[in-house]
Amino acid sequence: MACMKLGSKTDAFQRKGQAWFCTTGLPSDIVVEVEEMTFHLHKFPLLSRSEVMEKLIAEASEGEDGCVIKLADIPGGAKTFELVAKFCYGVKLELTAANVVYLRCAGEHLEMTEDYGEGNLISQTEVFLNQVVLRSWKDSLKALQTCDDVLSYAEELKITKRCIDSLAVKACTDPNLFGWPVVEHVGPLQSPGGSILWNGISTGARPKHSSSDWWYDDASSLSLPLYKRLISAMESQGVKQEIIAGSLTYYAKKYLPGLNRRQSSTESSNRLAPVGLGSSLSEEHQKLLLEEIDHLLPMQKGLVPTKFLFGLLKTALILRASPSCISDLEKRIGMQLDQATLEDLLMPNFSYSMETLYNVDCVQRILEYFLAMDQGTGGESPCSIDDEQLMGSPSLTPITMVAKLIDGYLAEVAPDVNLKLPKFQALAAAVPEYARPLDDGLYRAIDIYLKSHPWLGESDREQLCRLMDCQKLSLEACTHAAQNERLPLRIIVQVLFFEQLQLRTSIAGCFLVSDNLDGGSRQLRSGMVGTNEGGGWATAVRENQVLKVGMDSMRVRVSELEKECSNMRQEIEKLGRSKGSSTWGNVSKKFGFKLKSQMCSAQEGSVSNQNKINGKALKDDKAKENHGKHKKNLSIDE
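Please read these numbers as outputs of a predicted model, since none were measured by experiment.

Visitor: Give a description of the overall build of the protein chain that names residues and reports values.
Guide: In terms of regular secondary structure, the protein chain is built from 29 helices and ten strands. Burial statistics for the protein chain: of 638 residues in total, 44% are counted as buried. Contacts spanning at least 24 positions in sequence make up 69% of the contacts within the protein chain whose residues lie at least 6 apart. For the protein chain, the exposed surface amounts to about 34,300 Å²; the carbon and sulfur share of it is 54%.

Written as structure tokens, this is what we have:
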């Protein structure tokens, strides 16, 4: 830390308890009381340097203890006046970044101008401030920290502004351009030329370049009002929003303990993680700090991690922050919901009612903000999602990623018995249909909800199952749903129908691919025997074999589904005969499609055609037989 020594005499002051005495050999003729400390001094050194002291001495009356003056409002209190008194006596005084602000304000308060001696306290401290302190990042920061104690004087003398402007300029400039002493706190001691010093000897090695976050820890040592002003000054100087957001994140993690409770091992080892936590802050001060952090954070996507925003939101809910603050945090999360994880969404419900285990309402609002932003920015429409994205490729759109995230969240909150059906339905239905390439995740959540809420009626279960599209279930999900006793009968029949339809389409596609591969193999055999692309033929043969195996498994599955359909038809027909009515016909009319014709596979169609042919042949045989009998009868009659 830079310093300057004033005066030339040795220290002639001695302290005894709560009193200071000047041991110059002459008896003191004035007593100055500052706070709980008394200074037994002499009039002449004081009035020769300070206009205020001259007036007070002239106005003071002589008492039994001599002239007594009380200084109740001197900046810096008794410690600063001790330095001022020593300066008046010409005692050696060391100016530092830690005391120069106090002395400058005290000199102004006591009017220690050049009219009362050349090189008076005001001029000396001003020179030190401008030529030493404000040229160094470390000294400017230290001086700014001391401004909190004498803020009114420091504001009037513009010391606070000068320190903040100095820090802002240095923060938005590459610290390596300043060299020594601006970045002396970053690494080892450096020479004015920039090389690293070892025991005062230049090694010739250059220091490593500092990253843009080198000032985060220093800035976090400031009080919130000064820190806010520093951030505003940096923004006006053109510091990037990403750097500002990083500093705000660091500051919040340092003074809000709730943000560090779920810190992972990788995050805790990060050098940006603050060492000391502000656990001493009261809940009210933490709430004010959180609201200020939210106000200072730029409203821009991707500036801060989504996990950090969720941490702020959870802390805001615990501390009962203002509704506007909570709403802003929800909007910030909604802007980048596609970057969130399932763990982030599982926020406990901190309300007094404890209606549900997790805060489902908050997640729904976040989802609504995301959907509104996605539509406002021209999000992906159903037509713009290509086949590659629908097949679950890594290049999923944000809306598809959010749909998958919400389906996982629904599965996690579904076991909560206090979660009402309308709230579950509202969250599930909020995701657009085109955002889900497959409804397997939604089906899983619905199945868990039905299992955890067995008291739901048939109509409620059907209403819940209408959230999913049976045509968008995979074969595995269809197989599970067809055997799921918790699903309504209507849904099971629809699942069986669409599963058969999907299998038919898959088998037809396999046949088509197989034909194409056979044709390609013929072309390869005829025209590409002598080329170097024989590997393509081997690959085609392997793919053909794989497809044939897949077709065989599909045929087996089709046969199993036909048996299930036949058994179901027989059971429903038995019920119909017992009631004296065609129950199967009523069921088919109720479901809205012809089950007899559509629930059968391609193989059943071939069997029915064969039956028709056989039936026709039987009719012809009977006709011939009857004709023969008729001829025989005629011959007998004759």
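Visitor: Break down the confidence of the model for the protein chain for me, with residues and values.
Guide: Confidence along the protein chain averages 76 in pLDDT terms, with 67% of residues attaining 70 or more. A low-confidence stretch, residues 191-196 stays under pLDDT 50, and its non-local contacts, those more than four residues away or across chains, total 23 contacts. In the model, residues 381-395 has pLDDT below 50 throughout and makes 14 contacts with residues more than four positions away in sequence or in other chains.

Visitor: Give a detailed account of the packing of aromatic side chains, specifying residues and quantitative values.
Guide: Counting across every chain of the model gives seven aromatic pairs. A centroid spacing of 6.4 Å and a plane angle of 50° characterise the contact between Tyr216 and Tyr250, whose relative ring orientation is tilted. With Tyr216 in helix 10 (residues 216-219) and Tyr250 in helix 12 (residues 241-255), the pair connects residues that are 34 residues apart, well separated along the chain. Exposure remark for Tyr216: the relative accessible area of 6% places this residue in the buried category. Of the aromatic side chains, those joined through ring pairs into one cluster are Trp215, Tyr216 and Tyr250. When the ring centre of Phe21 is taken as reference, the NZ or CZ atom of Lys16 above it lies at 5.6 Å.

Visitor: Summarise unusual backbone geometry; cite the residues concerned and give the values.
Guide: Backbone phi values are negative for most residues with the exception of glycine, while trans is the configuration of most peptide bonds. Although it is not a glycine, Glu35 adopts a positive phi angle of roughly 55°. Within the secondary structure, Glu35 sits in the loop between strand 4 (30-34) and strand 5 (37-41). Given the relative accessible area of 61%, Glu35 is considered exposed. Phi is positive for Lys158, close to 60°, though the residue is something other than glycine. Looking at the element boundaries, Lys158 is found in the loop between helix 7 (151-156) and helix 8 (159-171). A relative accessible area of 53% means that Lys158 is categorised as exposed.

Visitor: Which residues make up the pairing of strand 2 (residues 13-16), and what are the values?
Guide: Across four bridges, strand 2 lies against strand 3 (residues 19-22) in antiparallel orientation. Across the sheet, residue Phe13 finds its bridge partner in strand 3, namely Cys22.

Scoring rules and cut-offs
Residues numbered from 1 in each chain as written. Predicted model: local features only at pLDDT ≥ 70, side-chain atom pairs only at ≥ 80, totals over all residues. Heavy atoms only, no water. Helix = DSSP H or I, 4+ residues; strand = E, 2+ residues; numbered from the N terminus. Buried < 20%, exposed > 50% of the residue type's maximum accessible area, 1.4 Å probe, protein only. Contact = heavy atoms within 4.5 Å. Areas by Shrake-Rupley, 256 points an atom, 1.4 Å probe, with all protein chains shown as cover. pLDDT = per-residue confidence, 0-100. Phe/Tyr/Trp six-rings, centres within 6.5 Å; stacked < 30°, edge-to-face > 60°. Lys NZ or Arg CZ within 6 Å of the ring centre and 35° of its normal. Pairing = 2+ DSSP bridges.

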